[in-house]
Amino acid sequence: MSDAPDRSEKQFDPTPRRLAKAREDGQVFRSREFGSVALLAVAAGVIGLGAGPAMGVLRGLTARVYTDAGQVVLTPHSVQGIVLELGADVLLILGPLFVAVTVVAVGVNVAQSGWVFSPKALQPKGNRISPAQGAKRLFSSKGLFELVKALAKVAIVGPVVYATVQTWMPEILALHLVPFEAAFPKAGTWTLLLLTQMLLALGLLAGADFAFEKWKYTQDLKMTRQEVKDEAKDSEGDAQFKARRRQIARERASRPRLDHAILKADVVITNPTHYAVALAYSPETGPAPVVLAKGMRKRALAIKALAAEHGVPTVENVPLARALHASVEEGAPIDESLYTAVAAVLAEVYRLRGTLPS
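Quick look at the structure, then. (Residues numbered from 1 in each chain as written. Predicted model: local features only at pLDDT ≥ 70, side-chain atom pairs only at ≥ 80, totals over all residues. Heavy atoms only, no water.)

1. Here we look at the sheet that holds strand S3 (residues 290-296)
Thinking step 1. Taken in spatial order, the four strands of this open sheet run S3-S2-S1-S4, and their pairing is mixed. If you trace the sheet from one side to the other, it starts and ends with S3 and strand S4 (314-316), each paired once. The sheet shows a mean angle of 20° between the axes of neighbouring strands, taken without regard to direction.
Thinking step 2. On the sheet, helix H11 (residues 318-327) packs against strand S1 (267-270), strand S2 (275-280), S3 and S4 and is oriented at approximately 80° with respect to S2. (Pairing = 2+ DSSP bridges. Helix = DSSP H or I, 4+ residues; strand = E, 2+ residues; numbered from the N terminus. Axes fitted to C-alpha atoms, helices over the stretch in contact; angles between N-to-C directions. Contact = heavy atoms within 4.5 Å.)

2. Some points on the nonpolar core
Inside soluble globular proteins, nonpolar side chains tend to come together where they are buried.
Thinking step 1. Val267, Ile269, Leu279, Leu320, Leu324, Ile334 and Val342 are the most contacted members of the largest nonpolar core, which has 18 residues in total.
Thinking step 2. A total of five residues in this core trace back to one element, the largest contributor, which is helix H12 (residues 339-353).
Thinking step 3. Residues in contact with Val342, not counting those within four places in the same chain, are Leu279, Pro289, Leu320, Leu324 and Ile334. (Core = buried A, V, L, I, M, F, W, Y, C linked by side-chain atoms within 4.5 Å. Buried < 20%, exposed > 50% of the residue type's maximum accessible area, 1.4 Å probe, protein only.)

3. Regarding the pattern of salt bridges
Thinking step 1. If you walk through the whole model with that rule in mind, you get four salt bridges.
Thinking step 2. Between Lys186 and Glu171 there is a salt bridge, and its shortest N-O distance comes to 3.2 Å. With Lys186 in helix H7 (residues 180-221) and Glu171 in helix H6 (residues 141-173), this residue pair connects regions lying 15 residues apart in the sequence.
Thinking step 3. For Glu171, a relative accessible area of 37% translates into the label partly exposed. (Salt bridge = Lys/Arg side-chain N within 4 Å of Asp/Glu carboxyl O.)

4. A closer look at the packing of aromatic side chains
Thinking step 1. According to the stated counting rule, one finds three aromatic pairs in the structure shown.
Thinking step 2. When the ring of Phe34 is compared with that of Phe210, the centres are 5.6 Å apart and the planes differ by 55°; the resulting orientation is tilted. With Phe34 in helix H2 (residues 32-68) and Phe210 in helix H7, the pair connects residues that are 176 residues apart, well separated along the chain.
Thinking step 3. Its relative accessible area of 37% is what places Phe34 among the partly exposed residues.
Thinking step 4. Judged by its relative accessible area of 32%, Phe210 is partly exposed. (Phe/Tyr/Trp six-rings, centres within 6.5 Å; stacked < 30°, edge-to-face > 60°.)

5. Thoughts on the pairing of S2
Thinking step 1. Within S2, six of the six residues are buried, which leaves the element mostly enclosed by the surrounding structure.
Thinking step 2. Side chains Tyr275, Val277 and Leu279 of S2 all project onto a buried face; the interleaved residues Ala276, Ala278 and Ala280 project onto the opposite face, where all are buried too.
Thinking step 3. In this sheet, S2 lies alongside S1 in antiparallel orientation, the contact comprising four bridges. Paired with Ile269 across the bridge in S2 is Val277.
Thinking step 4. Hairpin geometry of S1 and S2 is characterised by an intervening segment of four residues between the two adjacent antiparallel strands.
Thinking step 5. Of the pairings in the sheet, the one linking S2 to S3 comprises six bridges and is antiparallel in character. Bridge pairing in S3 places Val277 opposite Lys294.

6. Section: the packing of H2 against helix H3 (residues 76-113)
Thinking step 1. At a closest axis distance of 9 Å, the pairing of H2 and H3 adopts a crossing angle of 170°. With respect to each other, H2 and H3 are oriented roughly antiparallel.
Thinking step 2. Of the residues belonging to the contact of H2 with H3, the class tally is 21 nonpolar, two polar and three charged. (Parallel < 35°, antiparallel > 145°, perpendicular 65-115°, else oblique. Nonpolar A, V, L, I, M, F, W, Y, C, P; charged D, E, K, R; others polar.)

7. Details of helix H10 (residues 298-310)
Thinking step 1. Across its 13 residues, H10 extends 18 Å between first and last C-alpha, which sits within 8% of the 18 Å expected from 1.5 Å per residue.
Thinking step 2. All of the buried residues along H10 are Ala300, Ile303, Leu306 and Ala307. What you see down the axis of H10 is that its buried residues fit within an arc of 125°, all on one side. The exposed residues of H10 that point more than 90 degrees off its buried face are Lys298, Ala308 and Glu309.
Thinking step 3. Its buried side turned inward, H10 meets helix H9 (258-264), S1, S2, S3 and S4.
Thinking step 4. Directly beyond the C-terminal end of H10, a positive phi value near 75° is found at Gly311. (Expected span 1.5 Å × (residues − 1). Arc of directions from axis to C-beta.)

This is the structure we're talking about:
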């Protein structure tokens, strides 16, 4: 049996973290029908506004071609000029439409899902070419809805186009008798009216597709109770880990520089290599010696090296070094239970130096 959770168990709306993860994987909300209707509307608008100027450019192009046809000598240089001239005119005619369609296509997708760049979505996956997965997608709720949409387009647009064209049919059949200057605007008006009626019909379908895609997107990302708990646990763990890192950073920032601490020390007690604790005692600042610096392994070796460099006595005392390192924080006085052992070490250090604590 599959371990995947049953869809009926997915009762909770996706969390922001789940939505962000889906975007990283390239899984975003998008209604294709909404985008198609927007593109068709912009195309109709551009054609309606630009048909007149485009017709003027086309008329001038045609006149030049027929006027100059018998006078132009075809050479590589002249052919290049003709191609460039034709290309410039075609660009004037079709360029605005291509630019408008491109801008709207990008704008509609960004408006629905924002800017998304997901390398994961470009990675090849076996289930995309799997016949079993393809059949599963075909007979899924989304596949059935796509089939219904295709049939709905035919059922909605077909009667609209048929009824409209049927009304214009007598004029269409007689259009060849009308002068071109009058026929072209008339045909353009019919085209725009037909596109407008199609847009109104397809707009209803686009609204239904938008609502379905939004619902389907949310349903696919819904979470089970266990997934919500796991995510909350992970988030809490991440928060605790970050808080711990910040605490360690603050502690390290508040520590005095190691070399400054060793300069003030009276003695360094070692393990000899695993632990090192630098102590200082001054009756004027407190009744007990204070741990100025401590460390294990690499830090312990650094403390010993600095002590040797600055002439601070080093005393090897394994149990005392372990006890001091485990029980006393840097900058804190030692515990009363360690007074006797530390006092003995300091007394020996003062005796060898021939000085008293200041």
